Amino acid sequence: MNDSSWGAPPRAGYWGPPDQGPGQGATPPGPAYDAQDALFPSETQPMPIVPDVPVNGGDQDDDRGATRMGGPLFRDEPPQEPMPSAPQPAPAAPQKKSAGRDLGAAIGVGVGLGAVIIASLFIVKAVFVGVIAVAVVVGLWELTSRLEERKEIKAPLVPLAVGGAAMVVAGYVRGAEGAWVAMALTALAVLVWRMTEPPEGYLKDVTAGVFAAFYVPFLATFVALMLTADDGPQRVLTFLLLTVVSDTGAYAIGWRFGKHKLAPRISPGKTREGLVGAVTFAMAAGALCMQFLIDGGTWWQGLLIGLAVAASATLGDLGESMIKRDLGIKDMGTLLPGHGGIMDRLDSLLPTAPVVWLLLVVFVGLG
C-alpha cells in the first residue's frame, strides 16, 4: 500500500529531518528523488508514483485502490478531471397524428355532395343519371390530363367524354345490353379518332383510351343499372352508404390504431388495422341497410354484401393509388377541397358498383 494513500505527502524538495535547513540534505526544487539520485543524477528518472488509476485492468493491492508497483501498466500523467457532460436536449414532445388533409373542408364538401346526391336520387331519377354522367366526364378529363402531363399519353378525350355519358344513359334506358353496346362503340370511336394524328404513340394512346372507357364510365354504368329497379333509390343509397362507411371505418381505425402496413409499396398510409375497421363498419352498415332499406333483404345478406364492399373498395383504392404512384402524383385533381379530384372520390366507388349490383340481383332479384 502506498503512503500517498494516507495522510499528506512530505514537503516538496525536502528529505532531511525536520530540524535541517535548506542547505542540509536538501535537493533542488522539483519532484522527490532518492538520495542516491540526488548525489549521482542520471538521465533516466525513476517513475513517479501516480494515483491509483490502473490501465487495461492493472492489479490493485487492496480495497483502498493503491496500485502495486509491479503492476503491468501505469499512467504517467496526473489524473484528469472528468469533462462535464454536455447538456442533453430535452426529449421532443410526442406529436399528434395528422389526418393529412383539411378535415373541415373535406367534411363540408362531403356534406354538400351528399345533399346533391340524395336530393337528385329521391326526387327525379333522371336527374341523378345526369349527376353520374357529369361525374364520369369530369373524371375522364382528370385521368386523361394526368396521363398526358406525366406520361405524354394522349388518350382522346372527346370520344371518351361523349361515349362515357352515352354509356351511362344507355345503361339506364336499355339495361346491361345497352351499356355493352355503348362500351364497344366508344372503344371504336377512340381507335378512329386517334387516326387523325401522327402514328407515333398510337398504340399506347388508344390502349389508354380503351382502359379509361372501361375504368370510369363502364363501371359507373352499374349505378344506373341499380337505379332501374323499383327500389332503385334505396339500392343506390345502400351502395353509397356501404362504400362511404367502409372508407370511414378504414380511415378512423387506421388513423387511431394503425401500425402494420397493408401495402407499403402501393399506399404507405393504409394499414391492416384500417382494413379490419373497414370490414367491421361495412358489415354492420350492410346488415342494417339490407334489413330496413331493401325489399326482401335480410341482415345476414347485408353482412356478406358489407364484406364484399370492404374488399372491393379497398382494392379500388389501392388500384388508383397504383396509378397515381406510377404517375408520380398525390391527387388526380384539385376540384374538391380536402378530397383532391373527382377521381379521388370515385376510386373506391367504381369497382364496388358492379359488386353491389350483382349481389343485390342474386339476393333479391332485378326488382
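Anyway, here's the lowdown on the structure attached to this text. Please read all numbers here as calculations on a predicted model, not as lab measurements. (Residues numbered from 1 in each chain as written. Predicted model: local features only at pLDDT ≥ 70, side-chain atom pairs only at ≥ 80, totals over all residues. Heavy atoms only, no water.)

### Description of the overall build of the chain
In terms of helices and strands, the chain carries 10 helices and two strands. Along the chain, from the amino end to the carboxyl end, the secondary structure elements read α-α-α-α-α-α-β-β-α-α-α-α. Element-wise, carbon and sulfur atoms account for 66% of the exposed surface of the chain, whose accessible area totals about 21,500 Å². (Helix = DSSP H or I, 4+ residues; strand = E, 2+ residues; numbered from the N terminus. Areas by Shrake-Rupley, 256 points an atom, 1.4 Å probe, with all protein chains shown as cover.)

### What about the packing of aromatic side chains?
The tally for this structure, following the rule as stated, stands at six aromatic pairs. When the ring of Trp300 is compared with that of Phe363, the centres are 5.9 Å apart and the planes differ by 70°; the resulting orientation is edge-to-face. One end of the pair, Trp300, is in helix α8 (residues 299-327); the other, Phe363, is in helix α10 (residues 349-364), and 63 residues separate them in sequence. What makes Trp300 partly exposed here is its relative accessible area of 43%. Assessed through its relative accessible area of 22%, Phe363 is described here as partly exposed. An aromatic cluster of at least three residues, connected via ring pairs, comprises Trp180, Phe214, Phe218, Phe222 and Trp357. Above the plane of the ring of Phe257 lies Arg256, whose end atom (NZ or CZ) is 5.0 Å from the centre. (Phe/Tyr/Trp six-rings, centres within 6.5 Å; stacked < 30°, edge-to-face > 60°. Buried < 20%, exposed > 50% of the residue type's maximum accessible area, 1.4 Å probe, protein only. Lys NZ or Arg CZ within 6 Å of the ring centre and 35° of its normal.)

### A few points about the nonpolar core
Generally speaking, a soluble globular protein has its nonpolar side chains buried in company with each other. Core analysis: the largest hydrophobic core is formed by 56 residues, its most contacted members being Val223, Met226, Val236 and Phe239. In terms of residues, this core owes the most to one element, helix α5 (residues 202-227), which gives 15 residues. Phe239 has contacts with Val223, Met226, Leu349, Thr352, Ala353 and Val356, leaving out every residue within four places of it along the chain. (Core = buried A, V, L, I, M, F, W, Y, C linked by side-chain atoms within 4.5 Å. Contact = heavy atoms within 4.5 Å.)

### Considerations on the packing of α8 against α10
Running from amino to carboxyl end, α8 crosses α10 at an angle of 160°, the nearest separation of the two axes being 9 Å. One way to sum up the angle between α8 and α10 is to call them roughly antiparallel. Crossing geometry of α8 relative to α10 is assigned as right-handed. Contacts between α8 and α10 involve Trp300, Gln301, Leu304, Ile305, Ala308, Val309, Ser312, Ala313 and Gly316 from the first element and Pro351, Thr352, Val355, Val356, Leu359, Leu360, Phe363 and Val364 from the second. Taken together, the residues of the contact of α8 with α10 sort by class into 13 nonpolar, four polar and no charged. (Axes fitted to C-alpha atoms, helices over the stretch in contact; angles between N-to-C directions. Parallel < 35°, antiparallel > 145°, perpendicular 65-115°, else oblique. Left-handed = near helix turned anticlockwise from the far one by under 90°. Nonpolar A, V, L, I, M, F, W, Y, C, P; charged D, E, K, R; others polar.)

### Here we look at a nonpolar patch on the surface
A contiguous nonpolar surface patch, about 430 Å² in accessible area, is contributed by Val181, Leu185, Leu188, Leu191 and Val192. Considering the arrangement of structural elements, one finds Val181 in helix α4 (residues 157-194). (Patch = residues over 30% accessible without salt bridge, like charges linked within 9 Å, V, L, I, M, F, W, Y side chains within 5 Å. Salt bridge = Lys/Arg side-chain N within 4 Å of Asp/Glu carboxyl O.)

### Here's the deal with the side chain of Ser312
Among the structural elements, Ser312 can be located in helix α8. A polar side-chain atom of Ser312 sits 3.2 Å from the main-chain carbonyl oxygen of Val309. In this structure, Ser312 is in contact with Pro351, Thr352 and Val355, ignoring residues within four places of it in sequence. (Polar contact = N/O pair within 3.5 Å; in protein donor to acceptor, adjacent residues only side chain to side chain.)

### With respect to the environment of Thr221
Tracing the chain through its elements places Thr221 in helix α5. With relative accessibility at 1%, the residue Thr221 sits in the buried group. Not counting the four nearest positions on each side in its chain, Thr221 is found in contact with Met167, Val168, Gly171 and Ala179.

### Overview of the environment of Ala313
Here Ala313 is to be found in helix α8. What makes Ala313 buried here is its relative accessible area of 1%. On a C-alpha basis, the gap between Ala313 and Asp347 in space is 7.8 Å, while along the polypeptide they are 34 residues apart. Not counting the four nearest positions on each side in its chain, Ala313 is found in contact with Thr243, Ser246, Asp247, Ser348 and Thr352.

So yeah, pure geometry; function would need other evidence.
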